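Listed below are the residues making up each chain.
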Amino acid sequence: MRLTILGGGGFRVPLVYGALLQDHAEGRVTHVVLHDPDAGRLSAVTRVLAEQAAGVPDAPGVSATTDLDDALRGADFVFSAIRVGGLEGRANDERVALAEGVLGQETVGAGGIAYGLRTVPVAVDIARRVARLAPDAWVINFTNPAGLVTEAMSRHLGDRVIGICDSPVGLGRRIARVLGVKNPAEAWIDYVGLNHLGWVRGLRVAGRDELPRLLADPDLLGSFEEGKLFGADWLRSLGAIPNEYLHYYYFNREAVRAYQQAEKTRGAFLRDQQARFYAEMRDPDAPALAVWDRTRAEREATYMAENRESAGAGEREEDDLSGGYEKVALALMRAIARDERTTLILNVRNRRTLSVLDAEAVIEVPCLVDANGAHPVAVDPLPDHATGLVCAVKAVEREVLAAADSGSRATAVKAFALHPLVDSVNVARRLVEGYTEVHPGLAYLR
């Protein structure tokens, strides 16, 4: 089975390959094609993968190319993890937004809109190429903003594109751990929303919902990441555990202030950190895997550091430093390729799952996965406060898609102005001005 990774020179690719190395079953991935427009980054990551594979007799073969069409031909699965504009673009997204006093995070608020506007046209081009060159391939999208990009690609690939994210997985794992669930895989997580905008409303073990026990215990609530971020009182008020990214909504003023006061934004930190990694990898004698491991540990430990600092949440737990999206990707591929039926929280088309959204809207919910793809399960309606946020943000995503399709600058302004975290039409206009000045990829807006 052939897997093509778009963004193959990206820093987190070794996580995916490491997961593949642990899969020895029949029907596994036997060849990985890395695609990236930057040959130097491809070379660096290929070296890390070679060291990972040392001593593994049935390790998947690896090849690399800068030619997108060559990478797609013959693919059974396409894993998309591209970053249009690179980390310099992310740093600019943050800087322009913060100068206007609004959030610049890469998937939430003004930064997420800017990232989406320059990413959607590229993602649509990829989707069209996949439909032409590898029509039987399944596309697994991790490119952010994941829900928005998956919806853009689904207009050309239908249900053969599925979005993944590690946030719901990590949240469910933390809740299960706090509740003493020995095997988190046996717990049913009632999670619903959009990507980076969802809530856990229940966690069932052997048919019993254990979440009320957690919500009733202030000590348990305060013992894990989301409890520290949001506070036990607020979680009890919600009657649910929000995805960590909702901290940007519920504590927006504090988050913006923390980012403005930080020595570097997250994007600038990662830009500089990864520049050092790739520079170090130009030395042919550098121990590739060791350098990558060291850099990854620093990256994970500083994740959402500003939010935790503003909430007084302290350092991340050791068990939360190991990501997880690569395990979701592997489980998804195995379920489809081998018909190993499983349940995963994924980004898929709504169909009739949430009545407040249309059938084509991409949402993030538990899905039953088999050889025919991912099928969203029925869920209870969202409470009013969550419905309001989900509908507002989905409306913004639709304006982003419309702007990317039409090239309309006025529609782009509308997308920014309608977002709950942008508080003025004039601010929205200045954001569009600022982003078009720093991003060549937004030159199509007119």
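- The protein chain appears in an unreviewed UniProt entry as 6-phospho-beta-glucosidase from Streptomyces indiaensis.
- UniProt annotates the protein chain under Sequence similarities (unreviewed entry) with the comment "Belongs to the glycosyl hydrolase 4 family."

### Overview of the nonpolar core
- With 96 residues, the main nonpolar core has Phe79, Ile164, Ile175, Ile241 and Leu346 as its most contacted residues.
- With eight residues, the top contributor of residues to this core is helix α17 (residues 325-338).
- When neighbours within four sequence positions are excluded, Ile175 is seen to be in contact with Val200, Leu203, Leu211, Leu214, Phe224 and Ile241.
- Residues Val120, Ala152, Val396 and Tyr435 belong to the second largest nonpolar core, which totals 28 residues.

### Comments concerning the side chain of Gln274
- Note that Gln274 resides in helix α14 (residues 266-280).
- Once you skip the residues sitting within four places of it in the chain, Gln274 turns out to touch Phe11, Arg41, Leu87 and Arg299.

### Description of the pattern of salt bridges
- Here the structure, examined in full by the defined rule, presents 35 salt bridges.
- Between Arg174 and Glu226 there is a salt bridge whose closest N-O contact spans 2.6 Å. Here Glu226 lies in helix α10 (residues 225-230) and Arg174 lies in helix α7 (residues 167-178), a separation of 52 residues in the sequence. Exposure class is identical for Arg174 and Glu226. Each is buried.
- One network of salt bridges, with partners in common, ties together Glu151, Asp358, Lys394, Glu397 and Arg398.

### Some words on the packing of aromatic side chains
- This structure, assessed with the given rule, holds twelve aromatic pairs.
- Pairing Phe142 with Tyr325 gives two aromatic rings, centres 4.1 Å apart and planes at 10°, and the pair type is stacked. Placement of Phe142 in the loop between β5 (138-141) and α6 (146-157) and of Tyr325 in helix α17 is noted, with a sequence separation of 183 residues between them.
- Owing to a relative accessible area of 11%, Phe142 belongs among the buried residues under this scheme.
- Ring geometry for Phe230 versus Tyr250: centroids 6.0 Å apart, planes at 75°, classification edge-to-face. Pair noted here: Phe230 is in helix α10 and Tyr250 is in helix α12 (residues 247-250), with a separation of 20 residues, a long-range link.
- On the basis of relative accessibility, which here comes to 22%, the residue Tyr250 falls in the partly exposed class.
- Following the ring pairs from residue to residue traces out a cluster consisting of Phe11, Phe277, Tyr278 and Trp292.
- Between Arg160 and the ring centre of Trp138, over which it is positioned, the NZ or CZ distance is 4.2 Å.

### Here we look at the pairing of strand β12 (residues 362-370)
- With respect to burial, β12 is a largely interior element, eight of its nine residues being buried.
- Of the pairings in the sheet, the one linking strand β11 (residues 342-349) to β12 comprises eight bridges and is antiparallel in character. Across the sheet, Asn347 pairs through a bridge with Glu364, a residue of β12.
- Where β12 and strand β13 (residues 373-376) come together, four bridges link them in antiparallel fashion. Of the residues in β13, the one forming a bridge with Leu368 is His375.
- Two successive antiparallel strands, β12 and β13, enclose a turn made up of two residues.

### Structural notes on the packing of α14 against helix α15 (residues 288-301)
- Put simply, α14 and α15 touch, their axes get as near as 10 Å, and they point 170° apart. Here α14 is positioned roughly antiparallel relative to α15, judged by the angle of their axes. Across from Arg266, Phe269, Leu270, Gln273, Gln274, Arg276, Phe277 and Glu280 in α14, the residues of α15 making contact are Val291, Trp292, Arg294, Thr295, Glu298 and Arg299.

### Some thoughts on helix α18 (residues 384-406)
- Taking 1.5 Å per residue, 23 residues should reach 33 Å; α18 reaches 33 Å between its end C-alpha atoms and fits that length.
- Directly after α18, the chain includes Gly407, whose backbone phi takes a positive value near 75°.

### Observations regarding helix α5 (residues 109-133)
- The first and last C-alpha atoms of α5 sit 35 Å apart over 25 residues, in line with the 36 Å expected at 1.5 Å per residue.
- At Thr119, α5 is bent by approximately 35°, the largest bend along its length, and proline Pro121 sits one to four residues beyond.
- Counting buried positions along α5 yields 18 of 25 residues, so the element is predominantly enclosed.

### A word on the state of the cysteines
- Enumeration over the complete set of coordinates arrives at zero disulfides.
- In this structure Cys391 is a free cysteine whose sulfur lies 19 Å from that of Cys367, the closest cysteine sulfur available.
- Judged by its relative accessible area of 27%, Cys391 is partly exposed.

### Observations regarding unusual backbone geometry
- Put simply, Asn144 and Pro145 share a cis peptide bond, and its omega is -10°.
- When you line up the elements, Pro145 lands in the loop between β5 and α6.
- Of note in this structure, Ala206 is not a glycine but carries a positive phi near 55°.
- Its identity is not glycine, yet Arg351 carries a phi of approximately 55°, on the positive side.
- For Arg351, the location among the structural elements is in the loop between β11 and β12.

### Brief notes about the pairing of strand β2 (residues 31-35)
- When you tally the buried positions in β2, you get four out of five residues, the bulk of the element.
- Where strand β1 (residues 2-6) lies against β2, five bridges are found, and the strand directions are parallel. Bridge pairing in β2 links Leu6 to His35.
- After leaving β1, the chain enters helix α1 (residues 13-21) and then returns to the sheet as β2, a path that is right-handed.
- Relative to strand β3 (residues 61-65), β2 runs parallel, the two sharing five bridges. Across the sheet, the residue bridging to Leu34 is Ala64, located in β3.
- Each parallel crossover has a hand, and the one from β2 via helix α2 (residues 39-53) to β3 is right-handed.

About the criteria used
Residues numbered from 1 in each chain as written. Predicted model: local features only at pLDDT ≥ 70, side-chain atom pairs only at ≥ 80, totals over all residues. Heavy atoms only, no water. UniProt positions renumbered as here; feature names shortened; annotations may be inferred. Core = buried A, V, L, I, M, F, W, Y, C linked by side-chain atoms within 4.5 Å. Buried < 20%, exposed > 50% of the residue type's maximum accessible area, 1.4 Å probe, protein only. Helix = DSSP H or I, 4+ residues; strand = E, 2+ residues; numbered from the N terminus. Contact = heavy atoms within 4.5 Å. Salt bridge = Lys/Arg side-chain N within 4 Å of Asp/Glu carboxyl O. Phe/Tyr/Trp six-rings, centres within 6.5 Å; stacked < 30°, edge-to-face > 60°. Lys NZ or Arg CZ within 6 Å of the ring centre and 35° of its normal. Pairing = 2+ DSSP bridges. Axes fitted to C-alpha atoms, helices over the stretch in contact; angles between N-to-C directions. Parallel < 35°, antiparallel > 145°, perpendicular 65-115°, else oblique. Expected span 1.5 Å × (residues − 1). Bend = angle between axes of the 7 residues up to and from the residue. Disulfide = S-S within 2.5 Å. Right-handed = clockwise from strand over helix to strand, strands pointing away.

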